[in-house]
Amino acid sequence: MDRLLQLEVFSKTAELGSLSKAAEALRMSNAAASRYLSALEERLAVRLIERNTRRLWLTEAGQELLERCGPVLNELAEAEDIVSDRALSPQGTLRVTSSLSFAVIYLAPMLPAFRARYPKLNLQITTANRYPDFIEAGIDVAIRTREHEPDSNIVVRRIGQMRRVLAAAPSYLASCSKPEQPADLARHNMLVYNLANDPYSLRLRKGNGAQTVRITPTLDSNDGQVIRGAALAGLGILIQPLYIVQSDIAAGRLVPVLMEWELPLLTMNIAYQNRAGLPAKIRVFSDFLVSYIREHSEPGIWIDTTK
């Protein structure tokens, strides 16, 4: 029989001066409350409460037990209240990891509005393009382009799919000419993100037609901002998600090429550990992020986002 519940029945009976009132307060039958109290007295081999038809009172042993267990039960109740309050009003620290580009373009601008809504919740953002272990790295949420997780204990929530683009600086295209066909890319300086799936083989589609072009990179890097910086400096043609270079294209700093040809879409996900009860801080962050992306992205960047 639950030892904690035995103590709760005893303490509530002493507090209210009635076993039936204690049973009502604890939402159990009078018979169940009586069984719990009897079990406690039997386990301790001592009478804790004396009672007759008109009233009940604590024995000396009962008074001593109440003095000792009362503070413990109160602290437990306070702990439960704190946890419950955190579920309704998330607080503490949320540890998030994403690529540097995603953190700069989406997470950092989102933070003022997020903190205004959840002022007790602090964020720790670690930028990484590799996928660190959740437990070893102490991560709560990871923003990833990995569509499926090899660990069945990781839950994946899809943000949406985004377009990728080929683009170069006007200075580069002026000196090397604009590619007209996918095969032309083989003779251009290519700036490649080397953590992409099969980064040196470009699969492009146009209507019902498709072409695959093998490229030798002039520069490859594990960070999109390095590739973007090199493209802006006129080094060559980059291959990047549209969200990373949209502002550069709009400002004329980069010019898209082969726009009639489509690269495979990139899927962006939110990943977190599978738990019996999803912590409120993860739930509110995920919901807020998806809404923010849907409301603040330029048209054409995302094919769809989660509703």
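What counts and how
Residues numbered from 1 in each chain as written. Predicted model: local features only at pLDDT ≥ 70, side-chain atom pairs only at ≥ 80, totals over all residues. Heavy atoms only, no water. UniProt positions renumbered as here; feature names shortened; annotations may be inferred. Axes fitted to C-alpha atoms, helices over the stretch in contact; angles between N-to-C directions. Helix = DSSP H or I, 4+ residues; strand = E, 2+ residues; numbered from the N terminus. Parallel < 35°, antiparallel > 145°, perpendicular 65-115°, else oblique. Contact = heavy atoms within 4.5 Å. Nonpolar A, V, L, I, M, F, W, Y, C, P; charged D, E, K, R; others polar. Core = buried A, V, L, I, M, F, W, Y, C linked by side-chain atoms within 4.5 Å. Buried < 20%, exposed > 50% of the residue type's maximum accessible area, 1.4 Å probe, protein only. Salt bridge = Lys/Arg side-chain N within 4 Å of Asp/Glu carboxyl O. Expected span 1.5 Å × (residues − 1). Phe/Tyr/Trp six-rings, centres within 6.5 Å; stacked < 30°, edge-to-face > 60°. Pairing = 2+ DSSP bridges. Right-handed = clockwise from strand over helix to strand, strands pointing away.

The protein chain carries the name LysR family transcriptional regulator in an unreviewed UniProt entry, which gives Bradyrhizobium neotropicale as its organism. Within the UniProt record for the protein chain, the comment given under Sequence similarities (unreviewed entry) is "Belongs to the LysR transcriptional regulatory family." Quoted straight from UniProt, the Function (unreviewed entry) entry for the protein chain says "NodD regulates the expression of the nodABCFE genes which encode other nodulation proteins. NodD is also a negative regulator of its own expression. Binds flavonoids as inducers."

Before we go on, may I ask you to explain the packing of helix 1 (residues 3-16) against helix 3 (residues 30-44) in this structure?
Think of two packed helices as two axes; the pair is described by the angle between the axes and how far apart they sit. Where helix 1 contacts helix 3, the two axes come as close as 8 Å, and the packing angle between them is 105°. In terms of orientation, helix 1 and helix 3 fall into the roughly perpendicular class. Along its contact with helix 1, which presents R3, L5, Q6, L7, V9 and F10, the element helix 3 presents A33, Y36, L37, A39, L40 and R43. Of the residues that constitute the contact of helix 1 with helix 3, the class distribution is 9 nonpolar, 1 polar and 2 charged.

It is not clear to me how the nonpolar core should be interpreted in this structure. Could you clarify?
One recurring pattern in soluble globular proteins is that nonpolar side chains are buried together. Ranked by internal contacts, the top residues of the largest apolar core, which has 40 residues, are F102, I143, I159, F285 and L289. Per-element tally for this core: the top contributor is helix 10 (residues 280-296), with 8 residues.

Could you clarify how one ought to interpret the pattern of salt bridges in this entry?
Opposite charge on two side chains permits them to pair, given that their charged atoms come into close proximity. Taken as a whole, this structure holds 10 salt bridges when the rule is applied. Salt-bridge contacts for D140 lead to K281; the nearest nitrogen and oxygen are separated by 3.8 Å. Taken together, the residues D140 in the loop between helix 6 (134-137) and strand 5 (141-144) and K281 in helix 10 connect sequence positions 141 residues apart. By relative accessible area, which is 8% here, D140 ends up buried. Its relative accessible area of 19% is what places K281 among the buried residues. With its nearest N and O atoms 3.8 Å apart, the salt bridge here joins D198 to R203. Here D198 falls in the partly exposed class, since its relative accessible area comes to 40%. Given a relative accessible area of 40%, R203 falls into the partly exposed group. Several salt bridges share partner residues, and in doing so they unite E41, R47 and E50 into one network.

Just checking my understanding: could you explain helix 10 for this structure?
Because an α-helix packs 3.6 residues into every turn, residues spaced three or four apart end up facing the same way. Its 17 residues give helix 10 an end-to-end C-alpha distance of 24 Å, which sits within 8% of 24 Å, the value for a rise of 1.5 Å per residue. Among all positions of helix 10, only A280, K281, I282, V284, F285, S286, F288, L289, V290, Y292 and I293 are buried.

Any chance you could explain the packing of aromatic side chains here in plain terms?
The way to describe two aromatic rings as a pair is by their centre distance and the angle between their planes. As enumerated under the stated definition, the model contains 7 aromatic pairs in all. For the pair F114 and Y118, a centre-to-centre distance of 5.2 Å together with 50° between the ring planes defines the contact as tilted. Both rings, one in F114 and one in F285, keep their centres 5.8 Å apart while their planes meet at 85°; by these two values the pair is edge-to-face. In this pair, F114 is assigned in helix 5 (residues 100-117) and F285 in helix 10, connecting sequence segments 171 residues apart. Each of the two residues, F114 as well as F285, counts as buried.

For this particular structure, what's the right way to read the sheet that holds strand 12 (residues 237-241)?
One open sheet holds the 5 strands; their spatial order is 11-8-12-7-13, and the pairing between them is mixed. Edge strands, defined here as strands with exactly one partner in the open sheet, are strand 11 (217-221) and strand 13 (255-257). Pairs of neighbouring strands in the sheet enclose a mean axial angle of 35°, with direction left out of account. One ladder, built from 3 bridges, connects strand 7 (residues 164-168) with strand 13; its direction is antiparallel. Bridge pairing in strand 13 links A168 to V255. Running at roughly 170° to strand 8 (residues 190-193), helix 8 (residues 224-232) makes contact with strand 8, strand 11 and strand 12 of the sheet. Packing against the sheet, helix 9 (residues 242-250) makes contact with strand 7, strand 12 and strand 13, and its axis sits at approximately 120° to strand 12.

Can you help me understand the pairing of strand 4 (residues 121-127) in this one?
Within a regular strand, the side chains alternate between the two sheet faces. Examined bridge by bridge, strand 3 (residues 92-98) and strand 4 share 7 bridges and lie parallel to one another. Each bridged residue has a counterpart across the sheet, and for S98 the counterpart in strand 4 is T127. With respect to chirality, the unit in which strand 3 leads through helix 5 into the neighbouring parallel strand 4 is right-handed.

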